[in-house]
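Each chain, letter by letter, is given below.
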Amino acid sequence: MALEISGKLIKKLPEVTGTGKNGTNWIKQEFVIETQDQYPKKVCMSVWGDKTQDLGPVQEGEIVKVQFNVESREYNERWYTEIRAYRLDRTGSIPAGVEPTPAAGGYQFPPLAAESGDDLPF
């Protein structure tokens, strides 16, 4: 089952690495995109292995198109669902009016009322 979704990348989570039962090393990185529908939804997805390199150059705030598979598995009588992205295409655009997320956690303050041209006293 192959699905596709487009949206704005709003968060890249840190890479996670480990060793499987069979002794092979693995790497995974999760990211969150927000759809651009009338009622936007946030979706957390993951990329595995060498696909983590595809996510590296994508900046937060950038529009991406993701092709993915949905997979569920059972563990201790509980079910866990994961959305695994296998293809990530950058559109290279940032929506109008959206500032890219500043690096190193800097905060961008909104313009002062005097700078915005609004003459209301409140």
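Please refer to the structure higher up on the page.
Residues numbered from 1 in each chain as written. Predicted model: local features only at pLDDT ≥ 70, side-chain atom pairs only at ≥ 80, totals over all residues. Heavy atoms only, no water.

1. Things to note about the overall build of the protein
Stated formally: Per the convention used, a helix needs a DSSP run of H or I reaching at least four residues, while a strand needs a run of E reaching at least two, with both numbered from the N terminus. Residue contacts are counted whenever heavy atoms from the two residues lie within 4.5 Å of one another. Here the open area of atoms and residues is found with the Shrake-Rupley method and a 1.4 Å probe, where only the protein chains shown may cover a residue.
Helices and strands together make up the secondary structure of the protein, namely two helices and six strands. Across the protein, contacts joining residues at least 24 apart in sequence account for 53% of those joining residues at least 6 apart. Entry remark: accessible area of the protein is about 9,100 Å², with carbon and sulfur atoms responsible for 51%.

2. A word on the packing of aromatic side chains
For the record, the criterion: Only Phe, Tyr and Trp rings are paired, with Trp represented by its six-membered ring, and only when their centres lie within 6.5 Å; those with planes under 30 degrees apart are stacked, over 60 edge-to-face, the remainder tilted. Relative accessibility under 20% of the residue-type maximum defines a buried residue, over 50% an exposed one, and the middle range a partly exposed one, all with a 1.4 Å probe and only protein chains included.
On inspection of all chains with the given rule, the structure shows one aromatic pair. Ring geometry for Trp-26 versus Trp-48: centroids 5.5 Å apart, planes at 45°, classification tilted. Here Trp-26, found in strand β3 (residues 25–34), pairs with Trp-48, found in strand β4 (residues 42–48); they are 22 residues apart in sequence, far enough to count as distant. Exposure remark for Trp-26: the relative accessible area of 31% places this residue in the partly exposed category. Under the relative-accessibility criterion, Trp-48 is labelled partly exposed at 25%.

3. Some words on the nonpolar core
It is characteristic of soluble globular proteins that their nonpolar side chains tend to be buried jointly. Keep this limit in mind: Take the buried Ala, Val, Leu, Ile, Met, Phe, Trp, Tyr and Cys residues and link them wherever side-chain atoms come within 4.5 Å; each set so joined is a nonpolar core.
With 14 residues, the main nonpolar core has Ile-5, Phe-31, Ile-33, Met-45, Val-64, Val-66 and Leu-88 as its most contacted residues. Mapped onto this core, the elements with two or more residues apiece are β1 (3–12), β3, β4, β5 (63–75) and β6 (78–90). With residues up to four places along the chain from it excluded, the contact list for Val-64 reads Ile-5, Ser-6, Gly-7, Ile-33, Val-58, Leu-88, Asp-89 and Arg-90.

4. Side note on the pairing of β1
Quick note on the threshold: Strands are labelled as partners when DSSP assigns at least two bridges between them.
Sheet topology places β1 next to β5; six bridges connect them, and they run antiparallel. Residue Ile-5 lies in a different strand from β5, and its bridge partner there is Val-66. Of the strand pairs in this sheet, β1 and β3 are connected by four bridges, and their pairing is antiparallel. Bridging across to β3, Lys-8 finds its partner in Glu-34.

5. Concerning the pattern of salt bridges
Quick note on the threshold: When a carboxyl oxygen of Asp or Glu is within 4 Å of a side-chain nitrogen of Lys or Arg, the pair counts as a salt bridge.
The final tally for this structure, using the stated rule, is five salt bridges. Across the pair Glu-30 and Lys-28 runs a salt bridge, and its minimum N-O distance is 3.7 Å. Taking relative accessible area as the criterion, Glu-30 reaches 28% and is therefore assigned partly exposed. The exposure class of Lys-28 is buried, given its relative accessible area of 19%. The shortest N-O distance in the salt bridge between Lys-42 and Glu-34 comes to 3.8 Å.

6. Section: the environment of Glu-71
Mapped onto the elements of the fold, Glu-71 is located in strand β5. Remark: the alpha-carbon pair of Glu-71 and Thr-81, spanning ten residues in sequence, is separated by 5.7 Å. Excluding residues within four positions of it along the chain, Glu-71 makes contact with Tyr-80, Thr-81, Glu-82 and Arg-84.

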